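# Observations on the model geometry
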Amino acid sequence: MLNVDTIKKLVESLFNNDELFIVDIYIATGNKIYIFIDRDNGLEIADCVKVTRHIEANIDREKEDYELMVSSPGVDYPFKTMRQYKKHVGKNVRVTLNDGTQFDGELKSVNDTEMLVCAETPKKSNKKQIEKNDITISFDTVKETKGIVKFK
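Structure report, in brief. (Residues numbered from 1 in each chain as written. Predicted model: local features only at pLDDT ≥ 70, side-chain atom pairs only at ≥ 80, totals over all residues. Heavy atoms only, no water.)

Before going further, it helps to spend a moment on the overall build of the chain. Along its length, the chain carries 4 helices and 8 strands. C-alpha extents for the chain along the principal axes are approximately 65 × 30 × 30 Å. Here the chain holds 152 residues, and 39% of them are scored as buried. Summed over its atoms, the accessible surface of the chain is roughly 9,500 Å², and 46% of this surface lies on carbon and sulfur atoms. Computed over 24 positive and 26 negative side-chain charges, the inter-centroid distance for the chain is 7 Å. (Helix = DSSP H or I, 4+ residues; strand = E, 2+ residues; numbered from the N terminus. Buried < 20%, exposed > 50% of the residue type's maximum accessible area, 1.4 Å probe, protein only. Areas by Shrake-Rupley, 256 points an atom, 1.4 Å probe, with all protein chains shown as cover. Lys, Arg positive; Asp, Glu negative; His and termini not counted. Charge placed at Lys NZ, Arg CZ, Asp CG, Glu CD.)

Spelled out as structure tokens, the structure:
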């Protein structure tokens, strides 16, 4: 029977202090394995192929009958690791708090307990105008954070 821990150990053994890192792994019904990986300097298709081939070489498809998908998490996938936060310093993010409040802005810095976001908020005097304020956000209050793409 396939389990996440077995797959995680298998993928980690392949990385061996590489720039690659695991973002998330889960197994859906029907033995559909989803592995989301990333790289500090941008993921390449060859990275996904490398992981796919490693899994297929070490888990017998005939015995386990599984379907495998290896990819980057994508811009709309919530951050799962501190390494993702660090990778996105200087980039735009959307932070949703546990109470539903959202902040869009540039991720300025992170540490183990909090992040600093230069958030865009409407001016109190004129709701159509935007002002930018640095906001320190404790990870305890964060429901999810996602990268966002802004087109100018």
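With that settled, consider the sheet that holds strand S6 (residues 114-122). Strand order in the open sheet formed by 5 strands is S7-S6-S5-S4-S8, with antiparallel pairing between adjacent strands. Strands at the two margins of the open sheet, each flanked by one partner only, are strand S7 (130-138) and strand S8 (142-147). Across the sheet, the mean angle from the axis of one strand to that of its neighbour is 35°, orientation sign disregarded. (Pairing = 2+ DSSP bridges. Axes fitted to C-alpha atoms, helices over the stretch in contact; angles between N-to-C directions.)

If you check helix H2 (residues 45-58), its first and last C-alpha atoms are 20 Å apart, about what 14 residues at 1.5 Å a residue would give, namely 20 Å. By the burial criterion, the buried members of H2 are Asp 47, Cys 48, Val 51, His 54 and Ile 55. With its buried residues spanning 130° around the axis, H2 presents them on a single face. Pointing more than 90 degrees away from the buried face of H2 are the exposed residues Ile 45, Ala 46, Arg 53 and Ala 57. Its buried side turned inward, H2 meets helix H1 (4-15), strand S1 (20-28), strand S2 (32-39) and strand S3 (67-71). (Expected span 1.5 Å × (residues − 1). Arc of directions from axis to C-beta. Contact = heavy atoms within 4.5 Å.)

Remember that the coordinates give geometry; whether it matters functionally is a separate question.
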